[in-house]
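So the chains spell out like this:
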Amino acid sequence: MKRKTMAWVLPTLLVALSVVGSGAPTSAHSERAAAAPTTAVPTTAVPTTAVGPQYDTTHVYVTPGDVDTFVASWEATFGGTHTAKVVTTVTPTPSSTESQLVHSPVGTLSVFDFKTPVPYPFGTERTGWLVSDLDRGVRQARQSGARVVVAPFDDPIGRDAVVQFPGGVNAQLYWHTKAPSYAPLKTVPDNRVYLTPDSVGEFLGAYLRFTGGRIVSDQWAADAGDIGLPGRTYRRIAIRSPFGNTVVSVTDGHLPHPFGRETTGYAVDDLADTLRKAEAAGAKVLWGPYTAGGRSTATVRFPGGYIAELHTAH
């Protein structure tokens, strides 16, 4: 499996600004700092265990019995293919789930339909990241400031662990005995993270160190209509890394449903057309479309309960 490298460093200034300057919706500080984005400037090359964003799968836990309906609706909306369902154990303690992998142009999904109760803390991990070396990935997670909440364990096709970044953001690291080969994505999805001003600084420090990421946009007074609060503002941070894209929403936690429930955002060329396809395939639009600053967004619930954010690619 090809190993990749990425330059990273997190200047002390970034951490300090993130800790003391994190804005919540409608804060006066956010208004004053709107034109002051913060960007990490890489200076030191270090190895990363990332393999590629097409291998970073959103974990979708569907309502029992709805896996076929969900997959059909997803593929009717975005296109793509899926693997055959298998009944297996994907946790280190006894459990049983139907498992299926969905490949689509906008992102890869690992879909689970559990036939037994889901062992804790599974179901709280938002994504699975393929790493080139699981043990090194776990060491790097700890060194970055993340915690290991599920120690490495064997699964039927490889090994896994679950790590938690500050702010309570869980991600699963996985490694396959036989290296997979997936086609590149048409668009790379956004891992959508909701944090408070109290936790964002520590999160950024750990997350950027582990992922080898950099901040490409830091809007202190973004239009909060994006998160169901038109007429208000919030801090919106966009990150790019070898593990894919991440959008961090820093808020006071006063969020209307379903915001904070959507763990992934998907970029599409024509949002209106995509929403028509989604609704025709049994999905429900929960918010939007909302347009501001040349960007349109909507939030959709697919059959099986999966909630996703959709936005224009350009």
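Every residue gets a number counted from 1 within its own chain, in the order that chain's sequence is written. Selection of residues for local features in this predicted model requires a pLDDT of at least 70, selection of side-chain atom pairs for listing and counting requires 80 or more, and totals for whole chains, interfaces and linings are taken over all residues. Hydrogen atoms and water are omitted, and side-chain values are computed over all heavy atoms in the structure.

*Asks:* Explain the pattern of salt bridges to me, using residue names and the numbers behind them.
*Replies:* Definition used for salt bridges: Asp or Glu carboxyl oxygen within 4 Å of a side-chain nitrogen of Lys or Arg. Under the criterion given, the structure shown has 15 salt bridges. Across the pair Asp218 and Arg235 runs a salt bridge whose closest N-O atoms are separated by 2.6 Å. Linking Asp218 in strand E13 (residues 214–223) with Arg235 in strand E14 (residues 233–241), this pair joins segments that are 17 residues apart in sequence. Comparing Asp218 with Arg235 shows no difference in burial state: the two are buried. Linked through salt bridges whose partners overlap, the residues forming this network are Asp68, Lys85, Glu98, Asp113 and Lys115. Runs of E in the DSSP output that reach at least two residues are strands. Runs of H or I that reach at least four are helices, and both are numbered from the N terminus. Think of it in three bands: with a 1.4 Å probe and only protein chains considered, a residue is buried below 20% of the maximum accessible area for its type, exposed above 50%, and partly exposed in between.

*Asks:* An account of empty space enclosed by the protein is requested, with residue identities and associated values reported.
*Replies:* If a probe as big as a water molecule is rolled over the atoms, it shows which places are left empty. Space inside and on the surface of the protein is sampled on a 1 Å grid over the protein atoms alone, with a cavity defined as a set of points where a 1.4 Å probe fits but cannot get out and a pocket as an open set with protein on both sides within 12 Å along at least 5 of 7 lines; lining residues have an atom within 4 Å of a point. Grid points are joined across faces, edges and corners, and a volume is the space filled by probe spheres set on the points. Summed over the entire model, instances satisfying the criterion amount to one cavity of 30 Å³ or more. Empty space within the largest cavity amounts to approximately 190 Å³. Taken together, 21 residues line the largest cavity, and the ones lying closest to its centre are Asp56, Thr127, Pro189, Asn191 and Phe243. Under the grouping applied here, Gly and all other residues not named as nonpolar or charged are polar, the nonpolar ones being Ala, Val, Leu, Ile, Met, Phe, Trp, Tyr, Cys and Pro and the charged ones Asp, Glu, Lys and Arg. In terms of residue class, the lining of the largest cavity is made up of seven nonpolar, 11 polar and three charged.

*Asks:* Give a description of the packing of helix H3 (residues 67–78) against helix H6 (residues 271–280) that names residues and reports values.
*Replies:* Where H3 contacts H6, the axes come no closer than 8 Å and their chain directions differ by 155°. Compared by their axis directions, H3 and H6 come out roughly antiparallel. Crossing geometry of H3 relative to H6 is assigned as right-handed. Together, Ser73, Ala76, Thr77 and Phe78 of H3 and Thr274, Lys277 and Ala278 of H6 make up the contact between the two elements. Classifying every residue of the contact of H3 with H6 gives three nonpolar, three polar and one charged. Fitting a line to C-alpha atoms yields each axis, with helices limited to the stretch in contact; the angle taken between N-to-C directions then spans 0 to 180 degrees. Geometric relationships in this document are graded by angle, where less than 35 degrees denotes roughly parallel, more than 145 denotes roughly antiparallel, 65 to 115 denotes roughly perpendicular, and other angles denote oblique. Helix crossings are classified by the rotation of the near helix relative to the far one: an anticlockwise turn of less than a right angle makes the crossing left-handed, while a clockwise turn makes it right-handed. The contact criterion used is simple: two residues touch if any of their non-hydrogen atoms lie within 4.5 Å.

*Asks:* I'd like a description of the pairing of strand E8 (residues 127–130), backed by residues and values.
*Replies:* In E8, alternate side chains face the same way, and those of Thr127 and Trp129 on one face and Gly128 and Leu130 on the other are all buried. Strands were regarded as paired on the criterion that DSSP finds at least two bridges between them. Where E8 lies against strand E11 (residues 169–176), three bridges are found, and the strand directions are parallel. Bridged to Gly128 within E11 is Gln172.

*Asks:* Tell me about the packing of aromatic side chains, and name the residues and values.
*Replies:* Working definition: rings of Phe, Tyr and Trp (its six-membered ring) pair if their centres are within 6.5 Å, and the pair is stacked with planes under 30 degrees apart, edge-to-face with planes over 60 apart, and tilted otherwise. Under the definition given, this model contains 25 aromatic pairs. A centroid spacing of 5.4 Å and a plane angle of 20° characterise the contact between Phe210 and Phe243, whose relative ring orientation is stacked. Taken together, the residues span a long stretch of sequence, with Phe210 in helix H5 (residues 197–211) and Phe243 in the loop between E14 and strand E15 (244–250) at a distance of 33 residues. Each member of the pair, Phe210 together with Phe243, is buried. Following the ring pairs from residue to residue traces out a cluster consisting of Phe70, Trp74, Phe78, Tyr266, Phe302 and Tyr306. A cation over an aromatic ring shows up here: Arg235 above the ring of Trp220, its NZ or CZ 4.0 Å from the ring centre. In our convention, an over-ring charge means Lys NZ or Arg CZ found within 6 Å of a ring centre and within 35 degrees of that ring's normal.

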